[in-house]
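Okay, here's what each chain looks like letter by letter:
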Amino acid sequence: MSTIEASVTIGRPIDIVFGFFADPRNETRWVEGCETSEKLTHGPIGVGTRFRQRGPRGEVEVEVTEFVPGKRWSFRVVDDAAPFATVGTQRFEGDDRGTRVTWSYQVAPKGALARIAAPVVRIMASRRHGSQLLLARDLLEQRSMRPPA
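Calculation rules
- Residues numbered from 1 in each chain as written.
- Predicted model: local features only at pLDDT ≥ 70, side-chain atom pairs only at ≥ 80, totals over all residues.
- Heavy atoms only, no water.
- Helix = DSSP H or I, 4+ residues; strand = E, 2+ residues; numbered from the N terminus.
- Buried < 20%, exposed > 50% of the residue type's maximum accessible area, 1.4 Å probe, protein only.
- Contact = heavy atoms within 4.5 Å.
- Areas by Shrake-Rupley, 256 points an atom, 1.4 Å probe, with all protein chains shown as cover.
- Phe/Tyr/Trp six-rings, centres within 6.5 Å; stacked < 30°, edge-to-face > 60°.
- Arc of directions from axis to C-beta.
- Salt bridge = Lys/Arg side-chain N within 4 Å of Asp/Glu carboxyl O.
- Core = buried A, V, L, I, M, F, W, Y, C linked by side-chain atoms within 4.5 Å.
- Polar contact = N/O pair within 3.5 Å; in protein donor to acceptor, adjacent residues only side chain to side chain.

### Structural notes on the overall build of the protein
Here is step 1 of the chain: The secondary structure content of the protein amounts to three helices and seven strands.
Here is step 2 of the chain: Along the protein, helices and strands appear, N-terminal first, in the series β-α-α-β-β-β-β-β-β-α.
Here is step 3 of the chain: Looking at the 149 residues of the protein, the share that counts as buried comes to 39%.
Here is step 4 of the chain: Sequence-distant contacts in the protein: of pairs separated by 6 or more residues, those separated by 24 or more amount to 49%.
Here is step 5 of the chain: Accessible area for the protein stands at about 8200 Å²; split by element, carbon and sulfur atoms hold 53% of it.

This is the structure in C-alpha cells:
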C-alpha cells in the first residue's frame, strides 16, 4: 500500500474551506480529470453519503466513511473493478493565516498488473495531488468565489 499526502494553507476561514472540500461535487472545479460528480444519496453529507464521479478513464463511486465538520472527512472508492483500492482523508486546521488542509490517501494495487504499475502511479499521483491542492487554494482565495455547492 502506498500513501500519498500533500498540504496547503488557504487564506480563508475553516468553515468555508471544509465546506468546499467535504463536498465531492466541487471536485469538478479542482481535481484534474473529474468531469462530473453527482450525489447519489439523500440528505446532508455525512457517513454513508455516496457520489458518482466520471472522468476520462470511466466512472467511480465514492462513499463518505467519516465526517467530522470543520476537522476531517474520509472516503473510500467503492469499485470492485478498479485496479487499486483507494481510501483517503482530508484534515483541516485553522489559524490566523487561514486553514491548513492535509489530504492523504492510501492506494493498494489489486492484481499483478497493478502491482507492477504501482511505483509509477504513486509518483504521478503525488505530483498531481500537490498541484490540485494549489488549484483549490487559488479558487478558494478568489474573494468573488460562489459559496460551496
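### Looking at the packing of aromatic side chains
Here is step 1 of the chain: The full count for this structure, using the stated rule, is eight aromatic pairs.
Here is step 2 of the chain: Between Trp-73 and Phe-75 the ring centres are 5.6 Å apart and the planes differ by 40°, which places this aromatic pair in the tilted class.
Here is step 3 of the chain: The buried category is assigned to Trp-73, whose relative accessible area is 1%.
Here is step 4 of the chain: Every member of this aromatic cluster is reached through a ring pair, and the members are Phe-18, Phe-20, Phe-21, Trp-30, Phe-67, Phe-92, Trp-103 and Tyr-105.

### Things to note about helix α1 (residues 14-21)
Here is step 1 of the chain: Buried within α1 are the following residues: Val-17, Phe-18, Phe-20 and Phe-21. Considered in projection along α1, the buried side chains sweep an arc of 160° and stay on one side of the axis.

### Section: the pattern of salt bridges
Here is step 1 of the chain: What the rule picks out here adds up to twelve salt bridges.
Here is step 2 of the chain: Of the charged contacts, one joins Arg-97 and Asp-95 as a salt bridge, the two residues approaching to 3.5 Å between their closest N and O atoms.
Here is step 3 of the chain: With a relative accessible area of 56%, Arg-97 lands in the exposed category.
Here is step 4 of the chain: Each of Glu-38, Arg-52, Arg-54 and Glu-59 takes part in one network of salt bridges that share partners.

### A look at the nonpolar core
Here is step 1 of the chain: Judged by nonpolar contacts, the single largest core of 27 residues is most densely connected at Phe-21, Trp-30, Trp-73, Val-101 and Leu-133.
Here is step 2 of the chain: Listed by contribution, the elements that provide at least two residues to this core are β1 (2-10), α1, β4 (58-68), β5 (72-78), β7 (98-109) and α3 (112-141).
Here is step 3 of the chain: Apart from the residues within four sequence positions on either side, Trp-30 is in contact with Phe-20, Phe-21, Gln-90, Trp-103, Gln-132, Leu-133, Leu-135, Ala-136 and Leu-139.

### Section: the side chain of Thr-89
Here is step 1 of the chain: For Thr-89, the position within the fold is in strand β6 (residues 84-95).
Here is step 2 of the chain: The exposure class of Thr-89 is buried, given its relative accessible area of 19%.
Here is step 3 of the chain: Among the polar contacts listed, one links the side chain of Thr-89 to the side chain of Ser-74, at a separation of 2.8 Å.
Here is step 4 of the chain: Sequence-distant contacts of Thr-89, that is, excluding residues within four places in its chain, are made with Arg-72, Trp-73, Ser-74, Phe-75, Thr-102, Trp-103 and Ser-104.

### Details of the environment of Gln-142
Here is step 1 of the chain: The topology assignment puts Gln-142 in the segment after α3.
Here is step 2 of the chain: Spatially, the C-alpha atoms of Gln-142 and Arg-12 are 9.6 Å apart, while their sequence positions differ by 130 residues.

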